[in-house]
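# Tertiary structure, described
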Amino acid sequence: MTSRLNRLAVAFLATALATLGITVANPAPASAAMTICYNTSQAGSYASVANQAASIWNNATVNLTLSANCGSNLRIYQITGGGSYAVRTSLGNGRVYIDTQQAAQYSVLRIMTHEIGHILGLPDNYNGNCSLLMSGGSAGTSCTNPYPSSAEANRVSNLFAGTFSATDRSADIFRDSWPAALAPVS
């Protein structure tokens with residue numbers, strides 16, 4: 001109980017400081033309160049990218065662990081056309097679709113980590129700031145940053161600690177984070 005309270009206090013303090021523009025390192029992940037099992041059986045060539053994205057989230061947050069192929073809270077699909085997007089059915093549950101055409105233009109690891117961020121409760125933030133993962137494609141094709149900011153990571157940690165409530169835990173579809181692929185030049 002004391003360990004959990006300490007983690008919550010550190011996460012709360014880090015979020016408060018980030019709001020004031022003071023960046024602090026995230027605490028090292030402790031034993032997770034929740035495991036999100038993700039399934040890559042339909043991820044095609046992006047299965048290893050999903051594993052990298054899960055590792056990024058595991059290292060950035062507390063109170064949750066993403067674990068490969070132990071169940072199907074989160075299913076990851078490779079698609080061609082239609083854009084990359086996420087469908088959150090509830091906090092920690094849903095589907096991520098990675099479009100091969102967009103992955104040819106944008107960093108596929110950034111796309112994957114961003115879309116998983118939606119499943120973890122984060123909304124889009126189209127401000128064009130490459131240091132914010134949830135700015136998605138608005139940061140441009142040169143932005144390859146796959147890491148959540150400390151404020152984004154702390155928000156996820158707090159959601160899974162029960163400190164914050166997601167504004168809407170029902171089904172959400174997150175589309176249009178990544179501008180459509182450019183038409184081939186003939």
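Residues numbered from 1 in each chain as written. Predicted model: local features only at pLDDT ≥ 70, side-chain atom pairs only at ≥ 80, totals over all residues. Heavy atoms only, no water.

### Describing helix α4 (residues 108–119)
The cut-off we apply is this: A helix here means a DSSP run of H or I that spans at least four residues, while a strand means a run of E at least two residues long, and both kinds are numbered starting from the N terminus. Working rule for helices: expected span equals 1.5 Å times residues minus one. Summary of the burial criterion: residues with accessible area below 20% of their type's maximum are buried, those above 50% are exposed, and those between are partly exposed, where the area comes from a 1.4 Å probe applied to protein chains only.
The terminal C-alpha atoms of α4 lie 17 Å apart, and with 12 residues this matches the ideal 16 Å at 1.5 Å per residue to within 8%. Burial runs high along α4: 12 of the 12 residues are buried. A positive phi of about 105° marks Gly121, the residue just after α4.

### Thoughts on the packing of aromatic side chains
Two numbers describe a pair of aromatic rings. These are the distance of the centres and the angle of the planes. Put simply, the rule reads: Two aromatic rings, drawn from Phe, Tyr or Trp (for Trp, its six-membered ring), form a pair once their centres lie within 6.5 Å of each other, and the interplanar angle then sorts them: stacked below 30 degrees, edge-to-face above 60, tilted otherwise.
Scanning all chains against the criterion turns up 2 aromatic pairs. Summarising the aromatic geometry, the rings of Tyr77 and Tyr97 are spaced 5.0 Å apart at their centres and angled 15° between planes, so their arrangement reads as stacked. Of this pair, Tyr77 sits in strand β3 (residues 74–79) while Tyr97 sits in strand β5 (residues 93–99), and the two are 20 residues apart along the sequence. Ring plane angle 20° and centroid distance 4.6 Å describe the contact between Tyr85 and Tyr97, whose orientation is recorded as stacked. Taken together, the residues Tyr85 in strand β4 (residues 85–90) and Tyr97 in strand β5 connect sequence positions 12 residues apart. The class of Tyr85 is buried, set by a relative accessible area of 14%.

### Structural notes on the state of the cysteines
Applicable threshold: Count a disulfide wherever a pair of cysteine sulfur atoms falls within 2.5 Å.
For the coordinates displayed, the defined rule picks out 2 disulfides. Across a sulfur-sulfur distance of 2.0 Å, Cys37 and Cys70 are joined as a disulfide pair. Disulfide Cys37-Cys70: torsion about the S-S bond near -105°, hence left-handed. Of this pair, Cys37 sits in strand β1 (residues 34–42) while Cys70 sits in the loop between β2 (64–68) and β3, placing them 33 residues apart in sequence. Judged by its relative accessible area of 11%, Cys37 is buried. Residue classification places Cys70 among the partly exposed residues on the basis of a relative accessible area of 42%.

### Quick look at the environment of Tyr126
Quick reminder of the rule: Any pair of nitrogen or oxygen atoms within 3.5 Å is treated as a polar contact; in protein, a donor-acceptor pairing is required on top of that, and neighbouring residues in sequence qualify only through side-chain atoms on both sides.
The residue Tyr126 is located in the loop between α4 and α5 (150–161) in this model. Residue Tyr126 is classed as partly exposed on the basis of its relative accessible area, which comes to 46%. Between the alpha carbons of Tyr126 and Ala139 there is a distance of 8.0 Å; along the sequence they are 13 residues apart. At a separation of 3.0 Å, a polar atom in the side chain of Tyr126 contacts the side chain of Asp124.

### Topic: helix α2 (residues 47–60)
Side chains of residues three or four places apart in an α-helix project in the same direction, reflecting 3.6 residues per turn. As a reminder, the rule being used: By definition, residues are in contact when any of their heavy atoms lie within 4.5 Å.
In a regular helix each residue adds 1.5 Å, so 14 residues correspond to 20 Å; α2 covers 20 Å between its end C-alpha atoms and thus fits that length. For α2, the set of buried residues is Ala47, Val49, Ala50, Ala53, Ala54, Ile56, Trp57, Asn58 and Ala60. Of the surrounding elements, those touching the buried residues of α2 are β1, β2, β3, α4 and α5.

### Looking at the environment of Ala161
Topologically, Ala161 is positioned in helix α5. Separated by 97 residues in the primary sequence, Ala161 and Leu64 place their C-alpha atoms 8.5 Å from one another.

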